Amino acid sequence: MIGDAVGSDECSRAGCRAAADWQIHWRNPRIHTPDRRKTWLACTEHVDYLREFLAAREFPLSVEPHPTKAT
Ligand SMILES: [Zn+2]
């Protein structure tokens, strides 16, 4: 399963321990208010998987570079 990885710099994909290169901000319109956003972290390999996972559920989302990616 996919957990909430806020506060971690590891990819949110189950079983992946890679350092995150991306962050995905998303919201479930059915349970979250419009000002609420969840954040998943993703390595480059899994950012597309996680984005598709959310897009398939028609959740609003945005993908941004991980701000602490620097060395
Ligand atoms: Zn990963």
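Look up a bit, the structure's there.
An account of the accompanying structure is given in this report.

This part takes up the coordination of the zinc ion. Around the zinc ion, the donor atoms from the protein are Cys 11 (SG), Cys 16 (SG), Cys 43 (SG) and His 46 (ND1), and they sit 2.0 to 2.3 Å away. Because the angles between the four donor atoms bound to the zinc ion fall within 103 to 117°, the donor set is best described as tetrahedral. Donor residues binding the zinc ion come from one chain and are separated in sequence as C-x4-C-x26-C-x2-H. According to the relative accessible area criterion, Cys 43 is buried, its value standing at 5%.

Burial analysis of strand 2 (residues 38-42) places five of its five residues in the buried class, the great majority of the element. By the alternation rule, side chains of strand 2 split into Lys 38, Trp 40 and Ala 42 and Thr 39 and Leu 41, which are all buried. Summarising the sheet, strand 1 (residues 22-26) and strand 2 pair through five bridges and their orientation is antiparallel. Each residue of the ladder has a partner; that of Gln 23, found in strand 2, is Leu 41.

What follows covers unusual backbone geometry. The phi dihedral of Glu 58 is positive, around 60°, even though this residue is not glycine. Structurally, the position occupied by Glu 58 is in the loop between helix 1 (47-55) and strand 3 (61-65). A relative accessible area of 69% places Glu 58 in the exposed class.

Moving on, we come to the environment of His 46. For His 46, the position within the fold is in the loop between strand 2 and helix 1. A sequence separation of 25 residues divides His 46 from Asp 21, and the C-alpha atoms of the two residues are 9.7 Å apart. Setting aside its immediate chain neighbours within four residues, His 46 contacts Cys 11, Arg 13 and Cys 16.

Let us look at the sheet that holds strand 2. Strand order across the open sheet formed by three strands is 2-1-3, with antiparallel pairing between neighbours. Because the sheet does not close on itself, it has two edges, and the strands there are strand 2 and strand 3. Averaged over all pairs of adjacent strands, the angle between their axes in this sheet comes to 25°, without regard to strand direction. Sheet topology places strand 1 next to strand 3; five bridges connect them, and they run antiparallel. Looking at the pairing, His 25 lines up with Ser 62 of strand 3.

This part is about the packing of aromatic side chains. Following the criterion strictly, the structure yields three aromatic pairs and no others. With 5.1 Å between their ring centres and 55° between their planes, Trp 26 and Trp 40 make a pair best called tilted. With Trp 26 in strand 1 and Trp 40 in strand 2, the pair connects residues that are 14 residues apart, well separated along the chain. With 5.5 Å between their ring centres and 10° between their planes, Trp 26 and Phe 59 make a pair best called stacked. Residue Trp 26 is found in strand 1, and its partner Phe 59 is found in the loop between helix 1 and strand 3; the two are separated by 33 residues along the sequence. For the pair shown, Trp 26 and Phe 59 are each scored as buried. Pairwise contacts between aromatic rings join Trp 26, Trp 40, Phe 53 and Phe 59 into one cluster.

Criteria and thresholds
- Residues numbered from 1 in each chain as written.
- Predicted model: local features only at pLDDT ≥ 70, side-chain atom pairs only at ≥ 80, totals over all residues.
- Heavy atoms only, no water.
- Donors = N, O, S within 2.8 Å, 3.2 Å for Na, K, Ca; no water.
- Tetrahedral: all angles 85-135°; square planar, octahedral: opposite > 155°, others 65-115°.
- Buried < 20%, exposed > 50% of the residue type's maximum accessible area, 1.4 Å probe, protein only.
- Helix = DSSP H or I, 4+ residues; strand = E, 2+ residues; numbered from the N terminus.
- Pairing = 2+ DSSP bridges.
- Contact = heavy atoms within 4.5 Å.
- Axes fitted to C-alpha atoms, helices over the stretch in contact; angles between N-to-C directions.
- Phe/Tyr/Trp six-rings, centres within 6.5 Å; stacked < 30°, edge-to-face > 60°.

Any link to function would need more than the numbers given here.
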